[in-house]
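# Secondary and tertiary structure notes
Okay, here's what each chain looks like letter by letter:
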Amino acid sequence: MLNLKENVQIRPLSDSALVIHVGEGISEAIHYKVKNILNLLERNPFEGFIEVVPAYNNVTVYYNPIEVYFSTIEKGAQMPYEKVKAAILSLMNQSHIVETTKERVVKIPVVYGGEMGPDLEFVASYHGLTPNEVIKIHSSVEYLVYMIGFAPGFPFMGGMDRQIATPRKETPRLSITPGSVGIAGNQTGIYPLETPGGWQIIGRTPSRLFLPEQSPPTLLQPGDRIQFVPISLDEYKSDWEMKTWA
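One structure accompanies this document, and this report is about it. (Residues numbered from 1 in each chain as written. Predicted model: local features only at pLDDT ≥ 70, side-chain atom pairs only at ≥ 80, totals over all residues. Heavy atoms only, no water.)

Per the stated rule, a full pass over the model turns up 13 aromatic pairs. When the centroid spacing of 6.1 Å and the interplanar angle of 90° are considered together, the rings of Phe150 and Tyr191 count as edge-to-face. With a gap of 41 residues between them, Phe150 in the loop between strand E6 (142-148) and strand E7 (155-158) and Tyr191 in the loop between strand E10 (187-190) and strand E11 (195-197) connect regions that are remote in the sequence. We classify Tyr191 as buried; its relative accessible area is 1%. Judged by centre distance (5.2 Å) and plane angle (90°), the ring pair of Phe154 and Tyr191 falls under edge-to-face. In this pair, Phe154 is assigned in the loop between E6 and E7 and Tyr191 in the loop between E10 and E11, connecting sequence segments 37 residues apart. Comparing Phe154 with Tyr191, the two get one shared label, buried. An aromatic cluster of three or more residues is present, and its members are Tyr56, Tyr146, Phe150, Phe154, Phe156, Tyr191 and Trp199. (Phe/Tyr/Trp six-rings, centres within 6.5 Å; stacked < 30°, edge-to-face > 60°. Helix = DSSP H or I, 4+ residues; strand = E, 2+ residues; numbered from the N terminus. Buried < 20%, exposed > 50% of the residue type's maximum accessible area, 1.4 Å probe, protein only.)

On the basis of which strands lie adjacent, the closed barrel formed by seven strands has the order E5-E12-E9-E10-E7-E6-E13 and mixed pairing. The sheet shows a mean angle of 40° between the axes of neighbouring strands, direction not considered. Examined bridge by bridge, strand E9 (residues 180-184) and strand E12 (residues 200-204) share four bridges and lie antiparallel to one another. Its bridge partner lying in E12, Val181 is registered against Gly203. On the sheet, helix H1 (residues 28-43) packs against E6 and strand E13 (225-230) and is oriented at approximately 45° with respect to E6. (Pairing = 2+ DSSP bridges. Axes fitted to C-alpha atoms, helices over the stretch in contact; angles between N-to-C directions. Contact = heavy atoms within 4.5 Å.)

Spatial relationships are all this shows, so hold off on functional conclusions.
Next up, the structure:
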């Protein structure tokens, strides 16, 4: 049974936030623990709770310090940070494991190479592979979405084959086209908006990742499994919105 308190460290981040560290590095075991703590707090919010934000190996909890101070939670503590920390530890004592939602598998269509993936040739040559071999390796596994960050809807994914792990560009681009699929070290990700960036761009998807008109406003969520599906440029330019990729 998973012990949520094992190896956990809680530290203040500001006067209205704290961080729950659950381990070191990036792994599915740590992600599972992060997700359970996330679910626990969202299902049992304390007075003054605002939101909880997951990362690779920690969870940041935001709260209203004034509301917490005057709340009835953890009367033995006085300062907001101490009250919130005590409330979180109390929740963890009451629950060893929280039922998580079933993982979704989302298929993301991608046009690799050419103008859509200007760094595919570099990634291939860096590893002594052909572009087609890079495409085959990149699209042959399911990736776990560990966190959403950097830009609204940007998924940080793990599970990429080290055969194509490639360092970031020495000089970042000033503008990356939305939908661009990139590699940075042993991570892969998708740019949801036009932003600067230094990832090696190997392809582009027509899928929209940031959906401000919906709730939640992102296509992908932590815990999702992603499968990249190679498509042609003609398929990209066709009426792709009418197709079912997920």
